Amino acid sequence: MAAETGTPTTLTLKSNDDELFSVAESAAILSVTIRNMVEDGCAGGVIPLDNVDGKTLASVITYMNGISAIPADEEKKKSYRDKFLSDKDFETLADMVLAANYLNMSCLMDAVSAKIAQVMEKKSVGWVRRKFGIENDYTPEEEAAVKEEHKWTFEGVETDDDN
Amino acid sequence: MGTRIERRISRHLPEEIIEEILHSLPSKSLLRFKCVSKRWCSFISSKQFIKRHLKKSKIDTDRTNRSLVSSFRRSPDIVGFMSLFRGPNTTLDPRYLQSLLDDDIIATLDSNHCCMGDSTYDVRILGSCNGLVLMNIENYHYLFLWNPCTREIKKIRCTRPAFKKVYGLGYDEYADDYKVVCIFFSTRRTTSQTEVYSLKADSWKKIEHFDKGSNYPPMCESGKLVNGRLHWLMGHDDNDLVIISLDLVEEKYEIVAGPKNTENICFGSVLNNLGGYLCLITTSSVTGHQSVWVMIEYGQTESWTKIWTCSNSDDAMKMWPLPNDGIYNGKNVWCKYVWCARLVYMVDATTEPICYVESLVSPFGDK
């Protein structure tokens, strides 16, 4: 245990594309998944994270280090999360939310979900179908009827640029 | 079909994550995304989703999904119109009001509630709860339960004549039912009668009348919803403030003691909900100073705390709570215990604006 040695323990995480990352245990245990492994004594060697690629894992580790350096101040943590996510595009955010879900990091999960919602807010129906990979199962008549019922919600929708 | 999406609909994100994301979207976007697929439509329309979405909206610390609604008189000859505040100058189209009176009560407008015009209706806003707004129109024997966000409106018949009627709208968590309360006064100083309309039952019933303390009619038309109870500030004849509360589950009245040491005689007092707290704005008849009191711990008389006093009576003509838990007095915004220097654009409303959370809750109950 870290407390016994007196020096910070470092864990090695391995992404599904075989990249290795060193991270302080105190930051890594923000992930409940990793914490459980540490507590179960499975963190001796390299921790394989089969559902996270290297690019996303690097980003998650940046977040882990950043957020754990902030003392218990919810306002500051929130503004760090906002800044951390501010320049991420939809695909990156989608990877992040999957990683946060797999790593069981509820704060990151909530923040990324809210950020994706913010990105989606003014997007068109077509954009959402493409980004979420959803097939339109309405007949043209059915779709027109649903649209007619909520016509005013189509005002102010951004034109699709697929970003 | 179950309300939870069981099947993977996306090769990108699993459905439980999509659900989380949808809970964070504003109501307007969700209504639009009913067009994405049948599955999204049934999910967004499901009662379970609407409840979870509401819960999330209510705890949103940024208060981005709150709006104000108020009614106005533009000139002495009763030209009434309503306004929804999200940004400045967003006013409800009076054609929309006209549609309330027609049989076709679901209006479809092409503008974003933004056009202004004349209307001959005197609309009063009587309360709000979970995104539903209760209102009536003078000389018109209906109440309207309106979700400004989904634009659904339900007419509720309310025909009994009375010298004065006061109202309230609330939610009975136990029965999962929305309730409209109407207190009837036949003359200035008589005992009142109370009837409660249940959205689930779609009918009115009489409940116990209020027989404690003052029998003067309340000083405002709309009951204030705090802690699952509706509150009215009753008229008084001996300088004492009497606040009555109605528990919407039990349908029983109680008295809530007002603050002690309210300095001299208070008149023109206003009761409200300030960021979830019972709030009383009092005016001293001696100094004209206005004070804002908040009951920090609900039901604890000694927890009434004076959070602000306004000494300039010009500043204190009107004082209304705002969606960001601040107070607006026609000039400045007071919020989070400091005065903000910034001015707020607000037309001179003739009635106190009411704040509502944007939600998908249907005024028709469970369809």
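Residues numbered from 1 in each chain as written. Chains lettered and ligands numbered in written order. Predicted model: local features only at pLDDT ≥ 70, side-chain atom pairs only at ≥ 80, totals over all residues. Heavy atoms only, no water.

Engineer: Residue-level account of the domain arrangement of chain A, with values.
Structural biologist: Residues and elements named next belong to chain A. Assigned domains within chain A: domain 1 (2–120) and domain 2 (125–154). For domain 1 versus domain 2, the distance between C-alpha centres works out to 35 Å. Together domain 1 and domain 2 conceal approximately 380 Å² of surface at their shared face, both sides included; 81% is due to carbon and sulfur atoms. Interface area lost by domain 1 to domain 2 is led by F90, E91 and M120, which between them contribute 90%. Between domain 1 and domain 2 we count one salt bridge in total. Between E91 and K131 there is a salt bridge; the shortest N-O distance is 2.9 Å. Our count for the contact surface shared by domain 1 and domain 2 stands at one residue pair in polar contact (both at pLDDT 80 or more). Counting only elements with at least two residues in the side of domain 1 that touches domain 2, the list comes to α6 (90–103) and α7 (106–120). If one sorts the elements of the side of domain 1 that touches domain 2 by residue count, α7 sits on top with three residues. For the side of domain 1 that touches domain 2, a count of residues per class yields four nonpolar, no polar and one charged. (Domains from an automatic or database assignment. Buried area = accessible area lost by both parts, 1.4 Å probe. Salt bridge = Lys/Arg side-chain N within 4 Å of Asp/Glu carboxyl O. Polar contact = N/O pair within 3.5 Å; in protein donor to acceptor, adjacent residues only side chain to side chain. Helix = DSSP H or I, 4+ residues; strand = E, 2+ residues; numbered from the N terminus. Nonpolar A, V, L, I, M, F, W, Y, C, P; charged D, E, K, R; others polar.)

Engineer: Residue-level account of α6 of chain A, with values.
Structural biologist: Helical periodicity: at 3.6 residues per turn, an α-helix aligns residues three or four positions apart in one direction. Taking 1.5 Å per residue as the helical rise, α6 of chain A with its 14 residues ought to reach 20 Å, and the 20 Å between its terminal C-alpha atoms agrees with that figure. Of the surrounding secondary structure, the elements contacted by the buried residues of α6 of chain A are α3 (32–39), α4 (54–68), α5 (74–85), α7 and α8 (125–132) of chain A together with α1 (15–23) of chain B. Two residues or fewer after α6 of chain A comes N104 of chain A, characterised by a positive phi angle close to 55°. (Expected span 1.5 Å × (residues − 1). Contact = heavy atoms within 4.5 Å.)

Engineer: Can you tell me about the packing of α4 of chain A against α6 of chain A, naming the residues and giving the values?
Structural biologist: Residue and element names in this part refer to chain A. Two elements in contact, α4 and α6, have axes whose closest approach is 10 Å; the angle formed by their N-to-C orientations is 70°. Judged by the angle between their axes, α4 and α6 are roughly perpendicular. Here K55, T56, S59 and V60 of α4 come into contact with α6, specifically with T92, D95, M96, A99 and L103. Here the contact of α4 with α6 is built from residues that sort into four nonpolar, three polar and two charged. (Axes fitted to C-alpha atoms, helices over the stretch in contact; angles between N-to-C directions. Parallel < 35°, antiparallel > 145°, perpendicular 65-115°, else oblique.)

Engineer: Any details on the domain arrangement of chain B? Residues and values, ideally.
Structural biologist: A common way to report how large an interface is uses the accessible area buried once the components associate. All names here are of chain B. We note that the domain assignment places domain 1 (15–58) and domain 2 (66–258 + 347–357) within chain B. Listed as interface residues are eight residues of domain 1 and, on the opposing side, eight residues of domain 2. Between domain 1 and domain 2, roughly 640 Å² of surface is buried when both sides are summed, and carbon and sulfur atoms account for 54% of that area. The largest per-residue losses of area from domain 1 upon contact with domain 2 belong to L31, L54 and K58, which jointly make up 54% of the total buried on that side. Our count for the contact surface shared by domain 1 and domain 2 stands at two salt bridges. Of the charged contacts, one joins K51 and D176 as a salt bridge, the two residues approaching to 3.2 Å between their closest N and O atoms. Counting every contact that joins domain 1 to domain 2 gives three residue pairs in polar contact (both at pLDDT 80 or more). Secondary structure elements with two or more residues in the side of domain 1 that touches domain 2: α2 (27–32) and α4 (47–58). Here the residues of the side of domain 1 that touches domain 2 sort into two nonpolar, two polar and four charged.

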